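The primary structure of each chain is shown beneath.
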Amino acid sequence: MKSSRLLRWLIPVLIGLVTFVVLLITNPKIGLTWDEPAYIAAHEAYGDWFSKAFANPEIAFDESVLGHWQVNSEHPPLGKLWSTLVWSVARNFTDDLTAHRVGNMLLASIMAGLLYYWMKESYGYIAGFAAVAALFTMPRFFFHTHLAALDIPATFAVFITTFVFWQTRNKPKWTWGILLGVVWGLALATKINAIFLPFTLGLWWLIFSRKGKLAWRLVLMGLIAIPVFFAVWPWLYHNTIERLVGYIGFVTVNHHQIGQYYLGQFFMPPPWHFGFVILWAVLPLSLILLFVIGTAQNRSGKKDNGLGWLFFISALTPVVVIAVSRSLVYDNDRMYMAAYPFIAALAGLGFAWLVSGCKKLSARWNLKAVFPVGVSLLTLLVFLPQLITMVRLYPHLLSYYGEGVGGLKGATKMGLETTYWCETYASALETINAQAQPGDSIWADPWSHDVLIYYQTQGKLREDLVITSPYPTQTLLYNGARDPKSIPMVQSDWFIFEHRQTTLGLEGENSNILKLLSQKQKVDEITFDGVPLMTLYKK
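The following paragraphs examine the structure supplied in this document. (Residues numbered from 1 in each chain as written. Predicted model: local features only at pLDDT ≥ 70, side-chain atom pairs only at ≥ 80, totals over all residues. Heavy atoms only, no water.)

### A look at the overall build of the chain
To be explicit about the condition: Each helix is a run of DSSP H or I of at least 4 residues and each strand a run of E of at least 2, with the numbering of both proceeding from the N terminus. We compute the radius of gyration from the C-alpha atoms alone; for a globule the expected value is 2.2 Å times N to the 0.38, where N is the number of residues. Three labels apply to residues, based on accessible area from a 1.4 Å probe with only protein chains included: buried if under 20% of the type maximum, exposed if over 50%, partly exposed otherwise in between. We call two residues in contact when some of their heavy atoms are within 4.5 Å. Here the accessible surface of atoms and residues is derived via Shrake-Rupley with a 1.4 Å probe, and residues count as covered only by protein chains that are part of the display.
Helix and strand counts for the chain stand at 21 helices and eight strands. The C-alpha atoms of the chain give 24 Å as radius of gyration, which agrees with the globular expectation for 539 residues (24 Å, within 12%). When the backbone C-alpha atoms are referred to their principal axes, the chain occupies close to 70 × 65 × 45 Å. Burial analysis of the chain (539 residues in total) assigns 56% to the buried set. Within the chain, contacts between residues at least 6 apart in sequence are counted, and of these 74% link residues at least 24 apart. When the accessible surface of the chain is split by element, carbon and sulfur atoms take 64% of a total near 23800 Å².

Shown next as structure tokens:
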């Protein structure tokens, strides 16, 4: 019995290990992104708190010491806390940025193993392998799995809560309800995205279960989750009401005003159809088709007790909620990332259905070769196109667009954003380090200064160079990082322009940024299929 149980988990563990190795190998060229310095600062602040807490446990929860948790307190701490613990170990074996990222690579790897296990147990090993392959050949998702940001922890939190709900739904003991509540509480303590899980699970219950015990379990889930949420967030231990109200305000009405370039216009927020269009645009067409097939062939929900519908509702929820609420949405598909594992699951189901069709044809025609040849061709057709593009585009995978919009070139013509999040800045460092004069100043996308400052702290950008910002401000970073200098753009010596059209705001092509850059000397440029991703200028 024990050996069979071990064998059931052997392949998921191997899948997780292989995934982790691939992420680790592909990490070095993935440029630092806009949000990462804020979370890196949080990791280091939390690490300082742990050091003080272990040294003097009696003062660990004094308000003066808990001030360490104020860093990035606009988001709950669990994803950052996990990365802090992993970073504190990993930094002894690797560079600082990789150490900060390893925690999220581990979460993505665990998710890969669990996705295979879940699919294999319900639909067979072919569906399991195909689902994992679908998830990690989504180029933008693959990119995000490398980052020290909150999008992968938030996706993992939604996925694992849904996984635990499904695995325990028929278990009679009430303790499983407590477990589900703890998991959801931890998910809420990761990011606000998890708040919609009761809607997803409740809708599934209404359609496929309607059992009173399961309804009470969902109620118990909510009752347990609330104290768990508070327990793992020390920032709320003092001035609880005030800080909780501040957090709720930030995630609802007081968030930084960030626009989105969409269909050739600047929106704040974009129209309701943004999420649907952007997912069509950024996902490989083959995976979208498999998702449709997987959803359609399992539409009754009778064969799998409604699991396919749980995947479908989970995939749809992030898109529908944002569309209906008209809340701020930006950074293209990043706000919808929690949908990706469930889209991949249904794509895996669609792939397995097509494989079974190949098997039936092989038997009907009495030709054994039809099955292996058919499956091989199907695998190549489904996964090879995006893999080729990923290799060509790497490491700038945030510029990936699928065949449904004609790739990056077609998306640009359509008025979709070329790239975002400053990941291209890394490509400018070598030229600036070699050619800049001592004390030269560098302009980049307003408020992205901490990306360049972090590079300086790691010796990847010369320390004598001055990083600018549009207004006086301080860096979020620790370890002696210098604050940016507030000087007008026109007075800068170097200009890193990432072709993120949102930066240009309502002015668009008439922006003063573009007018000024047109007068500067172009030094270097990164392009893909003739579309510029980053252009480096100097005075």
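That covers the picture; the talk isn't over yet.
### A short note on helix 16 (residues 340–365)
Rules: To estimate the expected span of a helix, subtract one from its residue number and multiply by 1.5 Å.
Taking 1.5 Å of rise per residue, the 26 residues of helix 16 would be expected to cover 38 Å, and the 37 Å separating its terminal C-alpha atoms lies within 8% of that figure. Looking one or two places after helix 16, you find Asn-366, whose phi comes out positive at around 60°.

### Description of empty space enclosed by the protein
Convention followed: The pocket and cavity definitions rest on a 1 Å grid over protein atoms only: a 1.4 Å probe that fits but cannot leave marks a cavity, an open set with protein on both sides within 12 Å along at least five of seven lines marks a pocket, and residues lining either have an atom within 4 Å of a point. Grid points are joined across faces, edges and corners, and a volume is the space filled by probe spheres set on the points. Gly falls in the polar group here, along with every residue not listed as nonpolar (Ala, Val, Leu, Ile, Met, Phe, Trp, Tyr, Cys, Pro) or charged (Asp, Glu, Lys, Arg).
Taken as a whole and judged by the stated rule, the model has four cavities of 30 Å³ or more. Forming the walls of the largest cavity are 13 residues, and the residues nearest its centre are Pro-270, Pro-271, Trp-272, Ile-322 and Ala-323. Among the secondary structure elements, those contributing two or more residues to the lining of the largest cavity are helix 13 (274–282) and helix 15 (307–325). If one sorts the elements of the lining of the largest cavity by residue count, helix 15 sits on top with three residues. Taken together, the residues of the lining of the largest cavity sort by class into 10 nonpolar, two polar and one charged. Estimated volume of the second largest cavity: approximately 40 Å³. As for the second largest cavity, its lining consists of Glu-44, Tyr-454, Thr-457, Gln-458, Leu-477, Tyr-478 and Asn-479. Its residues assigned to classes, the lining of the second largest cavity comprises three nonpolar, three polar and one charged.

### Points about the nonpolar core
Heads up, the rule is: Buried Ala, Val, Leu, Ile, Met, Phe, Trp, Tyr and Cys residues that are joined via side-chain atoms within 4.5 Å together make up what is termed a nonpolar core.
Ranked by size, the top nonpolar core spans 157 residues in total, and within it Tyr-340, Ile-432, Leu-452 and Ile-496 carry the most contacts. When residues in this core are grouped by element, the largest group, 14 residues, is from helix 5 (residues 96–123). Leave out the neighbours within four places in its chain, and Ile-496 touches Tyr-425, Ala-428, Ile-432, Ile-442, Trp-443, Ala-444, Asp-445, Leu-452, Met-534, Thr-535 and Leu-536. Formed by nine residues, the second largest nonpolar core is a distinct cluster that contains Trp-443, Phe-497, Leu-517 and Tyr-537.

### A few points about the sheet that holds strand 3 (residues 441–443)
Here is the rule we go by: Being paired, for any two strands, means DSSP has found at least two bridges between them.
A sheet is described by the order of its strands in space; here six strands give the open sequence 5-4-3-6-8-7, paired in mixed fashion. Strands with a single pairing partner mark the edges of an open sheet, and in this sheet they are strand 5 (485–486) and strand 7 (521–528). Where strand 7 lies against strand 8 (residues 531–538), seven bridges are found, and the strand directions are antiparallel. In the sheet register, Lys-522 faces strand 8, and the bridge partner there is Tyr-537.

### Structural notes on the side chain of Thr-475
Selection criterion: N or O atoms closer than or at 3.5 Å make up a polar contact, with two conditions inside protein: a donor-capable atom paired with an acceptor-capable one, and, for residues adjacent in sequence, both atoms drawn from side chains.
Take Thr-475: it is sitting in the loop between strand 4 (466–469) and strand 5. For Thr-475, a relative accessible area of 13% corresponds to the buried category. Engagement of the side chain of Thr-475 in a polar contact is seen with the backbone nitrogen of Leu-477, the distance being 3.1 Å. Excluding its chain neighbours within four sequence positions, the residues that come into contact with Thr-475 are Asp-450, Ile-453, Ala-481, Arg-482, Asp-483 and Pro-484.

### Brief notes about the environment of Val-320
Considering the arrangement of structural elements, one finds Val-320 in helix 15. With 146 residues separating them in the primary sequence, Val-320 and Trp-174 have C-alpha atoms 32 Å apart.

### Description of the packing of helix 14 (residues 285–297) against helix 17 (residues 370–393)
Note the threshold: Axis lines are fitted to C-alpha atoms, over the contacting stretch for helices. Their N-to-C directions set the angle, which ranges from 0 to 180 degrees.
Axis separation between helix 14 and helix 17 bottoms out at 8 Å; the angle between their running directions is 145°. Contacts from Ser-286, Leu-287 and Leu-290 in helix 14 reach Leu-381, Val-382, Phe-383 and Gln-386 in helix 17. For the contact of helix 14 with helix 17, the class distribution of residues is five nonpolar, two polar and no charged.

### Side note on the pattern of salt bridges
We apply this condition: When a carboxyl oxygen of Asp or Glu lies within 4 Å of a side-chain nitrogen of Lys or Arg, that pair is called a salt bridge.
Here the structure, examined in full by the defined rule, presents 14 salt bridges. The shortest N-O distance in the salt bridge between Arg-500 and Glu-417 comes to 3.8 Å. Taken as a pair, Arg-500 in the loop between strand 6 (494–498) and helix 21 (512–517) and Glu-417 in the loop between helix 18 (407–414) and helix 19 (429–435) lie far apart in primary sequence, 83 residues in all. Neither residue differs from the other here; Arg-500 and Glu-417 are each classed as buried.

### Observations concerning the pairing of strand 8
Counted residue by residue, strand 8 has six buried out of eight residues, so it is predominantly covered. With five bridges joining them, strand 6 and strand 8 adopt antiparallel strand pairing. What sits directly across from Phe-495, in strand 8, is Tyr-537. Taking the residues between adjacent antiparallel strands as the criterion, strand 7 and strand 8 are bridged by two residues, where Asp-529 takes a positive phi near 50°.

### A few points about the packing of aromatic side chains
Counted only if it meets this: Only the six-membered ring of Trp is used, alongside the rings of Phe and Tyr, when aromatic pairs are assigned; centres must lie within 6.5 Å, and planes under 30 degrees apart are stacked while those over 60 apart are edge-to-face, with the rest tilted. Two conditions define a charge sitting above a ring: the NZ of Lys or the CZ of Arg must be within 6 Å of the ring centre, and it must be within 35 degrees of the ring normal.
This structure, assessed with the given rule, holds 36 aromatic pairs. When the centroid spacing of 6.3 Å and the interplanar angle of 20° are considered together, the rings of Phe-291 and Phe-312 count as stacked. Separated by 21 residues along the polypeptide, Phe-291 in helix 14 and Phe-312 in helix 15 bring together distant segments of the chain. A residue is classified by how much of its surface remains accessible, and Phe-291, at 17% relative accessible area, is buried. On the basis of relative accessible area, Phe-312 is assigned to the partly exposed category, the value being 22%. Directly above the aromatic system of Tyr-401 lies the positively charged group of Arg-140, at a separation of 4.7 Å from the ring centroid. Residue placement shows Lys-171 over the ring face of Trp-176; its charged tip is 5.3 Å from the ring centre.

### Points about unusual backbone geometry
For the bond running from Met-268 to Pro-269, omega is 0°, close enough to zero to count as cis. Position of Pro-269 among the secondary structure elements: in the loop between strand 2 (265–267) and helix 13. In the segment running from Tyr-394 into Pro-395, the intervening peptide bond is cis, with an omega of 10°. Looking at the element boundaries, Pro-395 is found in the loop between helix 17 and helix 18. With a phi close to 55°, Asn-72 is a non-glycine residue in the positive phi region.

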